[in-house]
Every structure is written in C-alpha cells, then in structure tokens.
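Residue-level listing of the chains:
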Amino acid sequence: MALDRKVAYINLTTGEIETKPIPIKIREMFLGGRGLDAYLMYNHIKPGVDPLGPDNAAFISAGLLVGTLASATSRTHIGGKSPLTGYFGSANMGGFFAPEMRFAGFDHLVIKGKAEKPVYIWINNGKIEIRDAANIWGKDTNETREIIRQELGDRDITVLAIGIGGENLVRYANVMTGIKNSGGRTGMGAILGSKNCKAVAVRGTMDIKIAHPEEALEYNRRVINQVISTKVNREMGKIGTGFIWGATNSWGGVRTRNFQTNQLEDSDDVEPEHIEELSMGMTACFGCQVHCRGKYVIASGPYAGIYDEGPEYTSMGAFAAEPGCKSALTILVSNHLVNIYGIDTLETGSMIAWAMELYEAGILTDKDTDGLELRFGNDEAVIEMCHRIARREGLGDILAEGPLRAAEKIGKDSYKYLVQVKGMSNLNSDERATPALALNVAVASRGSDHLRGRPAIDLYGLPEPVLRRIYSQPVPYDGPLTSHWQDYEGKAWMVRWQETCFEAVDALGICKYHTLFLGPNLPNFDEWSRLIYLNTGLEMSPLDIWNAADRAYNIERLFNIREGLTRKDDWLSDRYYDEETTRGIPIARGKTIDRKKFTKMIDEYYEYHGWDENGVPRPETLKKLGIDKEPSHKL
Ligand code: SF4
C-alpha cells in the first residue's frame, strides 16, 4: 500500500544500511517529502556540524502522494544542512526519481558519513547496495546516468547524480535526476560530493496499492480538468515557464545588470516566444498533463547539435537580464553547461552578474579575471565563467564559494553590491515594487527564495472577496487583505498562508504549478484531503493538512534558529531600501521598499506564525502543534 514504504539509513563510513517503517503517527504529523525530511533533519543533524563534513547527512525523499493516481506527484526533495547558507538546506525537483524510489520500496533515504573512495548507491526493489564509482567520478551528470544504466543493464533505471560541480564542492552544486530535473538550491550536490557519493540509482517494480482506486481515478480526472483549464497552465504547456519571465519583464519586475535596473530592454531574442521558435516541443514530469518543459538542440557555435531541456524562467533571468545579455544562444548554452556540470543555474547567473558589477566598478580587475573582460552584456564571459565556477578555476574558485564567502575574499566594497538573503542570491525578479513578494524573499526558511511563500496571485489585483475566499481557509482569517500589489497591508498573512500551502504541496510531492501559485482556482487543501484519502486511505481534513505543514515549517525555523539565525537575517540587501527602480510601467518606477512599513510587515508575519518579536516560535505554538519535545529521535 501507499503507506508501507520505508526510510533507509545508509552510512557511507561503515557501509551499514538499516531500514525502518514509517509510523502512521509520524506520517500524519509531517506527511512526507519536505515535511518529513524537516523532522528527520532536525533529529539527525547535530547543531553546528560542518555542512561538508561526515556528520552532515543528505535526506532524499518522495512526497506522500508520489507515484499514486494523483496527478503531477513527481517531486523529489533533497535536504541537509546547507553548505551555502549554513541553515536549512532544501531543494525540490520534478522528473521521475521519487516515483521510481517509491516503486523500489522507499520513501526516505538518509545518507550519512563519508565513503573512503567514490561510490554510488544502487536501490532495486527493496535492496540497497553501495557500489564502486571510480569509473564515473569526473563525469558529467548525463554521462554518469548513462554509464550506470549500462553497467547495471537496465535503461529504465533513474539516477540522481552530481556533476563536477558537486565533486568540486561548489557550495551551490545541485543534484540532477534527468537531463534538466535539477534540485538546484542550497548546495545539496556539494553534500553528496563531500561524502564521495556520485549518484543514487533506483529501479522499482513494486506496486503501490491504492486505497480506493476507481474513485481515485475518477476524482483525479476532476483535478486534472481544474489544472489544465487554467489559462496560465495552458500557456506553460506551450512555451514553458519562460512566459513568466516575459510577462514580468514587460512591466518592470526583472532584476537586470545585477540590480542596476529592473527591466531588460530590446530583448526580442530572449523573449519566450522566440525561445519557443527554437524549441522542439515540450515534455513532462511523471503523471503531469501540463508539460511545461521545453526541449531544444543548440543550433550554432561550438556547442551546435547538443540536446538539452528547458530553459526555465530562472535560467532566462540568470543568463540574460542579470548579466545584461540579450542572446538566446547564451541562455541555451549556459543552461546546458550548468545542467551537465551540476551547478545551480540561479546562483551561477547571480554570482556572474555580481562579479560583472564589481569589474565595472573597478573592484575586480583584469588581473583577477585572468584577462577576461567581465562586462555586462559580454556573452562569451558568461559562458566562460560557467566553466570556471564548476572547475573552480581562477576567479571561478572564489565565486564557487557563494555570495558571503566570496565577498569576504574579494573585500573592498564588494559586499554592498550583493543581492542576497541568508547567504543565498535572490531570484532574478525585482521585488522593490511588490512588498508581498519582497517579504516572502526576506523570511523564507531556506534563504532568499521565491518557492517558499510567494503570493504570486497578488500581482493579479484580484478583488478583496476573492482573496478572502482563498486566504480564509482552512483556517479562518478576518484580518486585512488588500488587492493592490503595491500595498503593505494584509500581505503578511498572504505570505504566511502561502508558506503553509507550499510546505504542504512539497510534503505531498505535488508540483507547485498544480496548486495556488500562478492561478487562483487551482487545487488546494480541500482537494488534497480527498486525494490523500482515496489514494492512501488516511483520513486527514484540510485543517489536519494545514497543521502538518505548519508543524514542518516550524521545525525548519527551529533548525535555523539552532544554527544561529536571528531576526536580522530576515532582511533584504540595503539596495532594496536605498536604490529606486528606474524602468517599467509608470507605477513600477521610482520604487524602493519602505524600511518602516517592511519592519511592521515582519512583525505581523511573526505574529501570524505564533512567533515572538525575535521570530522564535513561542512555547505555546510548539505545544499546540505537538512539537514542543522535538528533537525526539523517534524514528
Ligand atoms: S507543470 Fe512542469 S514542472 Fe510541474 S510536473 Fe508538470 S512538467 Fe513538471
């Protein structure tokens, strides 16, 4: 059945492997995926450990509904103490890995210790083996997958792999579970690299027994209609997530030339419609009807003929607006390079753009760049720096350390040009005109992040009654809610609500485009309650799901506080408050974030979470959620 999958503890130092069932009580408390990973991380990672040392662990998981008859239940979560931020590390990816892992009998892997020499983990229908990886160390992520499939003689094996970036401990190295399925944020690939773990390969043919199969199929049909009848998803099915970039750039919400402007002008070559012309059509993750993932072959230049997938919204910003480039080819090539090297597209683009601003400001010189002219708009420099970062060559070695460590090494005024929160670079969006989105970035539990609590529908200016219908369930809310996307009032609740919604969807293993993110009528707590019951037999009300997500989010907060996080870390770079936007539609110009109003928003946000004025969960909040005794080492 869907609830009989296990957690496997794999110690790479000793070679010991232990498997345990997951008690129903723990599932009800944390669901699975990111939610249950938060619980495991808080229990198994000792405070203050070196993120790149053997005492850190990598937690790989499938959400509660992954592999069932619920659609788009494709998501794999990977967690651990972040080598980039030192706080809660977490990345989420689509594709096929987590469903295959469940078909092989496991919901959660906890990989501890450090192997003496390169290894990979092989999981096949309930069995786990640690195998020699000497022949794949040094290979890129695509080569790794293909060599393992050949070695084990099965083309259907799904592989989670690190590339050279992870081997070289680039602090924002990712893990890849397919050509473009990337667990990109917070450096999870560096954790596996530090353990000499090149890959985890899975193959499973064990059925997941569905509790009420016919009703589950019928109900899921309704959910699919809800998802694909949404205009935003129909657009994504045609041109991918790049359409978000195009729409955002049109009004002036795109971080450009690091943070110097908020719109890339004359950008026809990188508009999503043009990228679509270069694409070979779309593909999808496990069980998804939206199929938002582009496929392409690079048409010209030294990389001509190479196949890859994407580019996503994030890669378009990372390799166009941020470095001030206007070439589709640069996006497609850079996207390919970060995929095969296994480094985070967003962090890579941001670090390059920051270095370009430092170069133009004279803080970095030709001596630092080994003669590379690191100016905005230099396409060759962007591509060259992707190589240098992954290989840790020259300036690339410094940029591979991430924003805060790199600024410390470069010195001078370099820190003030950074656009980061908690040591993680911001997305390529510019939130100076959108206080709700700015708040989400400042307070997110894994550092600057748009996928933790972004109330993106705030940008639609929906009427207040519609917002109230959405944001007043499953817990009642009668506080302020305002329709205008430039207001500060009522937004703190929207961020707090959205954080809980996204924690739930990550714990269930459903893609965020299938819930209330970019469309107001997408499935949510009510639908999840029914899907959980029909697929797993667990009876959880919408409020039970909300509470499970809230529990996990509080554990993430506790994890961060234990690692030294304070209120001052929930804050944006000074540039948000001091430098005005200069481009875009008239009401997007001349905008900064107001420090006083923003401080009040943070106060409200803490209050809505049941945290004190320092952002620490109050004892009564933890007691109410039943986590006042954590860490408890129950599993
Ligand atoms: S919407 Fe896109 S990212 Fe989400 S599951 Fe479908 S194909 Fe994957």
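This structure is a prediction, so every number in the text was calculated from the model and none was measured.

Trainee: Explain the side chain of asparagine 524 to me, and be specific about the residues and the numbers.
Mentor: Of note, asparagine 524 is situated in the loop between helix 20 (491-508) and helix 21 (525-536). Not counting residues up to four positions away in its chain, the partners in contact with asparagine 524 are Trp497, Cys501, Thr515 and Leu516.

Trainee: Describe in detail the nonpolar core, supporting the description with residues and values.
Mentor: One broad trend across soluble globular proteins is that nonpolar side chains are buried collectively. Core analysis: the largest hydrophobic core is formed by 117 residues, its most contacted members being Trp354, Leu374, Leu399, Tyr471, Trp497 and Trp528. Ranked by residue count, the leading element in this core is helix 20, at nine residues. When near neighbours in sequence (up to four residues on either side) are disregarded, tyrosine 471 contacts Pro455, Ile457, Tyr477, Leu481, Trp493, Met494, Trp497, Gln498 and Leu516. With 31 residues, the next largest nonpolar core counts Ile10, Met101, Ile162 and Ile191 among its residues.

Trainee: Which residues make up the packing of aromatic side chains, and what values go with them?
Mentor: For any pair of aromatic rings, the description consists of the separation of the ring centres together with the inter-plane angle of the planes. In this structure the tally under the stated criterion is 21 aromatic pairs. Plain terms: the ring middles of phenylalanine 502 and phenylalanine 517 are 5.2 Å apart, the flat faces sit at 80 degrees to each other, and that makes the pair edge-to-face. Residue phenylalanine 502 is located in helix 20, and its partner phenylalanine 517 is located in the loop between helix 20 and helix 21; the two are separated by 15 residues in the primary sequence. The same class applies to phenylalanine 502 as to phenylalanine 517, namely buried.

Trainee: Can you lay out the sheet that holds strand 14 (residues 293-297) for me, pointing to particular residues and giving the numbers?
Mentor: Sheet architecture is open: three strands sit in the order 13-14-15, paired in antiparallel fashion. Where the open sheet ends on each side, the last strands, each with one partner, are strand 13 (279-283) and strand 15 (307-309). Neighbour-to-neighbour, the strand axes of this sheet turn through a mean angle of 25 degrees, independent of strand direction. With three bridges connecting them, strand 13 and strand 14 associate as antiparallel partners. Across the sheet, residue threonine 283 finds its bridge partner in strand 14, namely arginine 293. Its contacts with the sheet place helix 12 (residues 328-341) against strand 14 and strand 15, and it is angled at close to 85 degrees to strand 15.

Trainee: Quick rundown of the site of the ligand? Include the residues and the values.
Mentor: In the vicinity of the ligand, the residues found are Ser74, Ala284, Cys285, Cys288, Val290, His291, Cys292, Arg293, Cys511, Tyr513 and His514. Class assignment of the residues belonging to the shell around the ligand gives a composition of seven nonpolar, three polar and one charged.

Trainee: Could you give an account of the pattern of salt bridges, with specific residues and numbers?
Mentor: Under the defined criterion, the tally for this structure stands at 50 salt bridges. Across the pair arginine 27 and aspartate 107 runs a salt bridge, and its minimum N-O distance is 2.8 Å. On the criterion of sequence distance, the pair formed by arginine 27 in helix 1 (residues 24-30) and aspartate 107 in strand 6 (residues 106-112) is long-range, its members being 80 residues apart. Judged by relative accessible area, arginine 27 falls into the buried class, the value being 0%. Judged by its relative accessible area of 1%, aspartate 107 falls in the buried class. The partner of aspartate 154 in a salt bridge is arginine 203, with the nearest N and O atoms 3.0 Å apart. Linking aspartate 154 in the loop between helix 4 (141-152) and strand 9 (158-161) with arginine 203 in strand 12 (residues 197-203), this pair joins segments that are 49 residues apart in sequence. Given a relative accessible area of 18%, arginine 203 falls into the buried group. Overlapping salt bridges, with partners in common, bring together Arg34, Arg452, Glu503, Asp506, Lys512 and Glu556 in one network.

Trainee: Outline the pairing of strand 1 (residues 6-11), listing residues and values.
Mentor: Direction of pairing for strand 1 relative to strand 6: parallel, over a ladder of six bridges. For lysine 6, the partnering residue across the bridge sits in strand 6 and is phenylalanine 106.

Trainee: Quick one: what's the story with unusual backbone geometry, residue by residue and with numbers?
Mentor: Cis geometry marks the peptide bond from glycine 310 to proline 311, where omega comes out at -10 degrees. Its location among the elements puts proline 311 in the loop between strand 15 and helix 11 (313-321). For the bond running from glutamate 630 to proline 631, omega is 5 degrees, close enough to zero to count as cis. Mapping proline 631 onto the fold places it in the segment after helix 25 (619-625). Phi at asparagine 258 is positive, roughly 65 degrees, even though this residue is not glycine. Tracing the backbone through its elements, the reader meets asparagine 258 in the loop between helix 9 (242-251) and helix 10 (272-277). Positive phi values are uncommon outside glycine, yet aspartate 370 reaches one of about 55 degrees.

Trainee: Tell me about the side chain of histidine 514, and please be specific about residues and values.
Mentor: Locating histidine 514 in the fold gives a position in the loop between helix 20 and helix 21. Note on histidine 514: relative accessible area 3%, which makes it buried. Not counting residues within four places of it along the chain, the set of residues in contact with histidine 514 comprises Ser71, Ala72, Val227, Cys288, Val290, Leu522 and Pro523.

Trainee: Which residues make up helix 19 (residues 464-471), and what values go with them?
Mentor: Buried within helix 19 are the following residues: Leu467, Ile470 and Tyr471. Angularly, the buried residues of helix 19 cover 80 degrees about the axis, an arc narrow enough to put them on a single face.

The rules behind these values
Starting afresh in each chain, residues are numbered from 1 along the sequence in its written order. Reporting of local features is limited, given that this is a predicted model, to residues whose pLDDT is at least 70; pairs of side-chain atoms are given and counted only at 80 or more, and all residues count toward the totals for whole chains, interfaces and linings. Side-chain measures here rest on the full set of heavy atoms in the structure, leaving out hydrogens and waters. Segments assigned H or I by DSSP are reported as helices when at least four residues long, segments assigned E as strands when at least two residues long, and all are numbered from the N terminus. Residue contacts are defined here by distance: any two heavy atoms, one from each residue, within 4.5 Å place the two residues in contact. Note on terminology: a nonpolar core comprises buried Ala, Val, Leu, Ile, Met, Phe, Trp, Tyr and Cys residues joined through side-chain atoms within 4.5 Å. Partly exposed describes any residue whose relative accessible area lies between the buried limit of under 20% and the exposed limit of over 50%, with all areas from a 1.4 Å probe on protein chains only and scaled to the type maximum. Only Phe, Tyr and Trp rings take part, Trp by its six-membered ring, and two of them pair if their centres are within 6.5 Å. Stacked means planes under 30 degrees apart, edge-to-face means over 60, and tilted covers everything else. If DSSP finds at least two bridges between two strands, the strands pair. For every element, the axis is a line fit to its C-alpha atoms; helices are fit only across the contacting stretch, and the angle between N-to-C directions ranges from 0 to 180 degrees. For this purpose, a residue is taken to be near a molecule or strand whenever a single non-hydrogen atom of the residue falls within 4 Å of it. Three classes are used, and their members are as follows: Ala, Val, Leu, Ile, Met, Phe, Trp, Tyr, Cys and Pro are nonpolar, Asp, Glu, Lys and Arg are charged, and the others, Gly among them, are polar. Basic side-chain nitrogens of Lys or Arg form a salt bridge, by our definition, when they fall within 4 Å of a carboxyl oxygen of Asp or Glu. What the arc describes is the spread of directions from the helix axis to the C-beta atoms.

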